[in-house]
Amino acid sequence: MDSYSLWTQLMRPPKGVDEETRDLRTDLLVSDEYLLSVTNLVDYGIFDPPKVDVFSYLDKLLLRAERMIAEGSAEVRGSARHLHAYAALSRQVYQQYLEVGAQKQ
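This text gives an overview of the structure that appears in the document. (Residues numbered from 1 in each chain as written. Predicted model: local features only at pLDDT ≥ 70, side-chain atom pairs only at ≥ 80, totals over all residues. Heavy atoms only, no water.)

Moving on, we come to helix α2 (residues 19-44). With 26 residues, α2 extends 38 Å from end C-alpha to end C-alpha; this agrees with the ideal 38 Å at 1.5 Å per step. The largest bend along α2 measures about 35° and falls at Y34. Next to the buried residues of α2 lie α1 (2-10), α3 (54-71) and α4 (74-104). Taken from the residues just after α2, G45 is the one with a positive phi, measuring 75°. (Helix = DSSP H or I, 4+ residues; strand = E, 2+ residues; numbered from the N terminus. Expected span 1.5 Å × (residues − 1). Bend = angle between axes of the 7 residues up to and from the residue. Contact = heavy atoms within 4.5 Å.)

Structural data, given as structure tokens:
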């Protein structure tokens, strides 16, 4: 999983530049907690998805980032683009996790 390798190298969303982007980053850190189940599958072969709807959570964060990209200052737009990319990568990692985990069951 190339996206997993990239995600583990990053392991933290980029910092925000204002209150709104910092709040988005904090929410992405929460999503990282949900995605720790992915490392359990990769490292230990344990498939135990979180009970939270991770896709909905990440989709809401992606929408927030998209709004910031559309409406923010140049600095906010740049920060929001990085946060959006991290959220999109997280979503892709989680999708692959579910696909691989389903094959193991």
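This brings us to the pattern of salt bridges. Applying the stated criterion to the full structure yields five salt bridges. A salt bridge links D48 to K51; the shortest N-O distance between them is 4.0 Å. Through salt bridges with shared partners, one network takes in E20, R67 and E71. (Salt bridge = Lys/Arg side-chain N within 4 Å of Asp/Glu carboxyl O.)

W7, L24, L28, V38, V93, Y94 and Y97 are the most contacted members of the largest nonpolar core, which totals 24 residues. Take this core: its biggest share by element is nine residues, from α4. Beyond its immediate chain neighbours, meaning those up to four positions away, V93 contacts S3, Y4, W7 and V38. (Core = buried A, V, L, I, M, F, W, Y, C linked by side-chain atoms within 4.5 Å. Buried < 20%, exposed > 50% of the residue type's maximum accessible area, 1.4 Å probe, protein only.)

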